[in-house]
Protein chains: 2
Amino acid sequence: MNKTNALSAFAALSQETRLDTLVLLVKAGSDGVAAGDLARHLGIRHNLMSQHLNVLSQAGLIHSERQGRSIIYRVSFSALRGLSTFLLSECCQGLPEIVGGLEDSTLSLKGAP
Amino acid sequence: MNKTNALSAFAALSQETRLDTLVLLVKAGSDGVAAGDLARHLGIRHNLMSQHLNVLSQAGLIHSERQGRSIIYRVSFSALRGLSTFLLSECCQGLPEIVGGLEDSTLSLKGAP
DNA sequence: TTATTATGTCAATGATTCGTGATATATTGA
DNA sequence: TCAATATATCACGAATCATTGACATAATAA
């Protein structure tokens, strides 16, 4: 994840519908979610959904795969990991004042059932 | 850091000059940097710099303080920490596939001289 | 094949954003 | 006080973005 990728990713996540979409896809995990289901969940039209999905795709944050007449979208774990690393290492420079102890606040989630 | 704050922060960081500005301010730490020095460093006009600084301020990512005729800008450690937590916990849901082992890649920086 | 379902693409429009030029405010020094 | 320095604000045009409506494509079912 270089600066250009990160800029695209930040831009993609700066829009509420797209941020909501990403969270839905993260929660769905490797199952993924069909484009239509995403649109229904978010209460937006299918063509607008399609365009937002395209932005997230271009940013490399999600991938898609056709399954029958549906198209299943899945989050890219590696891209999200890359973005997280970029934020912590490049932006925050790994400063303890910022990232120190961050592990704990995320570990609490990781341990939850 | 709630969703609205995070959206503003992502928007602020989706522009190259502003991302560069934030990194400069993180590197400067609690010393901060004067607005004019930032503009000179980044090779942009002072009024454009001022507007970008305003966007970062509105997003809560930086603060300013007048010092003589200069205005010193400093990064908000807590805001950056909040944004990092939001990304890891809310967006990535603390999934091990994404955030597992992230500590190590940032710790390596923290330890560097 | 025809109809239906699921999704994508294109063009248009209003809203927002980026960068510039001109002007205004605050601080310091002569 | 007057001039210089440092920064902010305002107004403008160009560019980009979000949303809509209309049309296109792909897969399945009748």
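This report concerns the structure included in the present document. (Residues numbered from 1 in each chain as written. Chains lettered and ligands numbered in written order. Predicted model: local features only at pLDDT ≥ 70, side-chain atom pairs only at ≥ 80, totals over all residues. Heavy atoms only, no water.)

## Section: unusual backbone geometry
All names here are of chain A. Under the convention used in this document: Strands are runs of DSSP state E lasting at least two residues, helices are runs of H or I lasting at least four, and both sets are numbered from the N terminus onward. Buried means the residue's accessible area, taken with a 1.4 Å probe over protein chains only, is under 20% of the maximum for its type, while exposed means over 50%, and partly exposed covers the values in between.
With phi around 55 degrees, Q93 is a residue other than glycine that occupies positive phi space. Position of Q93 among the secondary structure elements: in the loop between α5 (77-91) and α6 (96-99). Taking the relative accessible area as the measure of exposure, Q93 reaches 26% and is therefore partly exposed.

## Describing the interface of chain B and chain A
Frequently, the measure chosen for interface size is the accessible area that the parts lose on association. To be explicit about the condition: We call two residues in contact when some of their heavy atoms are within 4.5 Å. A simple way to read buried area is as the amount of 1.4 Å-probe accessible surface that goes missing from two parts once joined, with both sides added. Salt bridge, as applied in this entry: a Lys or Arg side-chain nitrogen positioned within 4 Å of an Asp or Glu carboxyl oxygen. Residues adjacent in sequence count toward polar contacts only when both atoms are side-chain atoms; beyond that, a polar contact is any pair of N or O atoms within 3.5 Å, and within protein one must be able to donate a hydrogen and the other to accept it.
On the side of chain A, 42 residues touch chain B, which itself brings 42 residues to the contact. Taken over both partners, the interface formed by chain B and chain A buries close to 4000 Å², and the fraction arising from carbon and sulfur atoms is 71%. The tally of links from chain B across to chain A stands at 4 salt bridges. Residue K3 of chain A pairs with D20 of chain B through a salt bridge whose shortest N-O separation is 2.8 Å. At the junction of chain B and chain A, the tally comes to 8 residue pairs in polar contact (both at pLDDT 80 or more).

## Examining the packing of aromatic side chains
The way to describe two aromatic rings as a pair is by their centre distance and the angle between their planes. Rules: Any Phe, Tyr or Trp ring, taking Trp's six-membered ring, that has another such ring centre within 6.5 Å forms a pair; planes under 30 degrees apart are called stacked, those over 60 apart edge-to-face, and the others tilted.
Taken as a whole and assessed by the stated rule, the structure comprises 1 aromatic pair over all chains. Seen from their ring centres, F10 of chain A and F10 of chain B are 5.9 Å apart, and the 20 degrees between their planes marks the pair as stacked. With F10 of chain A in helix α1 (residues 3-13) and F10 of chain B in helix α1 (residues 3-13), this residue pair bridges two chains. The two residues F10 of chain A and F10 of chain B agree in class, both being buried.

## Considerations on the protein's contact with DNA strand C
The condition that has to hold: For this description, a residue counts as near a given molecule or strand if any of its non-hydrogen atoms is within 4 Å of it.
Around DNA strand C sit 21 residues, and of these G36, S50 and Y73 of chain A together with N47 and H52 of chain B come closest. Backbone atoms, meaning sugar plus phosphate, form 61% of the atoms of DNA strand C positioned within 4 Å of the protein. At 3.0 Å from a phosphate oxygen of DNA strand C is found a side-chain nitrogen or oxygen belonging to S50 of chain A. A distance of 3.1 Å separates a phosphate oxygen of DNA strand C from a polar side-chain atom of R45 of chain B.

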